[in-house]
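What the coordinates show
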Amino acid sequence: ERVSVLPAPGNAGDAVVSLVDGADRRVDVVGPSAEPGGRVFRAVVRAARRGVQVRILLGSAWYVRDENRAVVERLTTVAEREDLPLSARLAEPKGRYGSVHAKGLVVDDTAVVGSLNWNDHAAAENREVALALHGERAAAYYRRVFRADWRGGGRQVPAGVVVAALLAAGLAVVVLRRRVSWSREPDSTDDQRRDVRWPVAE
């Protein structure tokens, strides 16, 4: 229904945190790795403390397995200690794909996909870009993909769904090329940084 461009450095970090802080029902997060003390994950834990259902799926490739297992254990300990609706696990591709390289999250009826890693360095220092896809259909598609990866096993996403997603992404590019309103650069103070608006393709 609407697409927001989230660049980094720029408004990507603030926009993602704001989105998670506004979650009412569900937050699903996928990434190759995570920074458990970073802004995004602090927002995710805050969401769980408000009663939002949270799932976090991290990569299990050999080069991040031990680090990610420690993150999962840390989050599980917090969830059990505080009785939070928060679950975290390592992905089990089982031949469906090689390793998790996707960086995405689904918050209620918005999906965020792009190159932004879930750590503060990526949002502040790296050249990254993500798209926030606002709308029930986009969110439902990415939630189905997340659910399949969360379960693991050999079940594939139907080819028709993949084709539809590619067509939707192509349409988003066409829309973005027609007209994109960019946000202003965040100022140095926290109060001003919170006022940054997401750019919207119309």
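Here's a quick rundown of the structure. (Residues numbered from 1 in each chain as written. Predicted model: local features only at pLDDT ≥ 70, side-chain atom pairs only at ≥ 80, totals over all residues. Heavy atoms only, no water.)

Here we take up the pattern of salt bridges. Under the defined criterion, the tally for this structure stands at 9 salt bridges. The salt bridge partner of Arg 39 is Asp 14, with a shortest N-O separation of 2.8 Å. You can see Arg 39 sitting in helix α2 (residues 39-49) and its partner Asp 14 sitting in helix α1 (residues 12-21), a full 25 residues away along the chain. By relative accessible area, which is 31% here, Arg 39 ends up partly exposed. Here Arg 69 and Asp 66 are joined by a salt bridge, their closest N and O atoms 3.5 Å apart. In this pair, Arg 69 and Asp 66 are both assigned in helix α3 (residues 65-82), 3 residues apart and thus about one turn of the helix distant. (Salt bridge = Lys/Arg side-chain N within 4 Å of Asp/Glu carboxyl O. Helix = DSSP H or I, 4+ residues; strand = E, 2+ residues; numbered from the N terminus. Buried < 20%, exposed > 50% of the residue type's maximum accessible area, 1.4 Å probe, protein only.)

Sheet strands pair by backbone hydrogen bonding; their relative direction is either parallel or antiparallel. Spatially, 7 strands are ordered β1-β7-β6-β5-β2-β3-β4 in an open sheet, and the strand pairing comes out mixed. The open sheet has two free edges, formed respectively by β1 (2-8) and β4 (86-90), since each of these has just one partner strand. In this sheet, adjacent strand axes meet at a mean angle of 10° when their direction is disregarded. Taken together, the 6 bridges between strand β2 (residues 26-31) and strand β3 (residues 53-58) define a ladder with parallel strand orientation. Within β3, the residue paired with Val 29 across the bridge is Ile 56. Contacts from α1 reach β1, β5 (103-107) and β6 (110-114) within the one sheet, and its direction differs from that of β1 by about 130°. Relative to the sheet, helix α5 (residues 136-151) contacts β2, β3, β4, β5, β6 and β7 (128-134), its axis offset from that of β3 by approximately 60°. (Pairing = 2+ DSSP bridges. Axes fitted to C-alpha atoms, helices over the stretch in contact; angles between N-to-C directions. Contact = heavy atoms within 4.5 Å.)

The full count for this structure, using the stated rule, is 3 aromatic pairs. Seen from their ring centres, Trp 62 and Tyr 63 are 5.4 Å apart, and the 90° between their planes marks the pair as edge-to-face. You'll find Trp 62 and Tyr 63 in the same group, each marked exposed. Both rings, one in Phe 146 and one in Trp 150, keep their centres 5.8 Å apart while their planes meet at 20°; by these two values the pair is stacked. Of this pair, Phe 146 and Trp 150 are both found in helix α5, 4 residues apart, which corresponds to roughly one turn of the helix. The ring of Trp 150 carries Arg 55 above its face, with NZ or CZ at 5.6 Å from the centroid. (Phe/Tyr/Trp six-rings, centres within 6.5 Å; stacked < 30°, edge-to-face > 60°. Lys NZ or Arg CZ within 6 Å of the ring centre and 35° of its normal.)

Another aspect to go through is the pairing of β2. Among the 6 residues of β2, 5 are classified as buried, and the element is accordingly described as predominantly covered. In this fold, β2 hands off to α2, which returns the chain to β3; that crossover is right-handed. Pairing of β2 with β5, which is carried by 4 bridges, proceeds in the antiparallel orientation. When the bridges of β5 are listed, Asp 28 appears paired with Val 106. (Right-handed = clockwise from strand over helix to strand, strands pointing away.)

The next point concerns α3. Its 18 residues place the ends of α3 26 Å apart at the C-alpha level, agreeing with the 26 Å of an ideal helix rising 1.5 Å per residue. When α3 is considered as a whole, its buried residues turn out to be Asn 68, Val 71, Val 72, Leu 75, Val 78 and Ala 79. Summarising the axial view, the buried residues of α3 lie within an arc of 125°, below the 170-degree limit, and thus occupy one face. Turned more than 90 degrees away from the buried face of α3 sit Asp 66, Glu 80 and Arg 81, all of them exposed. In this structure, the buried residues of α3 make contact with α2, β3 and β4. (Expected span 1.5 Å × (residues − 1). Arc of directions from axis to C-beta.)

Now for the environment of Thr 76. Its place among the elements puts Thr 76 in helix α3. With 12 residues separating them in the primary sequence, Thr 76 and Ala 88 have C-alpha atoms 6.7 Å apart.

It is worth spelling out the nonpolar core at this point. Counting 41 residues, the largest nonpolar core has Val 16, Val 54 and Ile 56 as its most contacted members. Setting aside its immediate chain neighbours within four residues, Ile 56 contacts Val 29, Phe 41, Val 44, Leu 75, Ser 87, Ala 88, Arg 89 and Trp 150. Core analysis: the second largest hydrophobic core is formed by 6 residues, Leu 57, Ala 91, Phe 146 and Trp 150 among them. (Core = buried A, V, L, I, M, F, W, Y, C linked by side-chain atoms within 4.5 Å.)

This is a description of form; function is not addressed.
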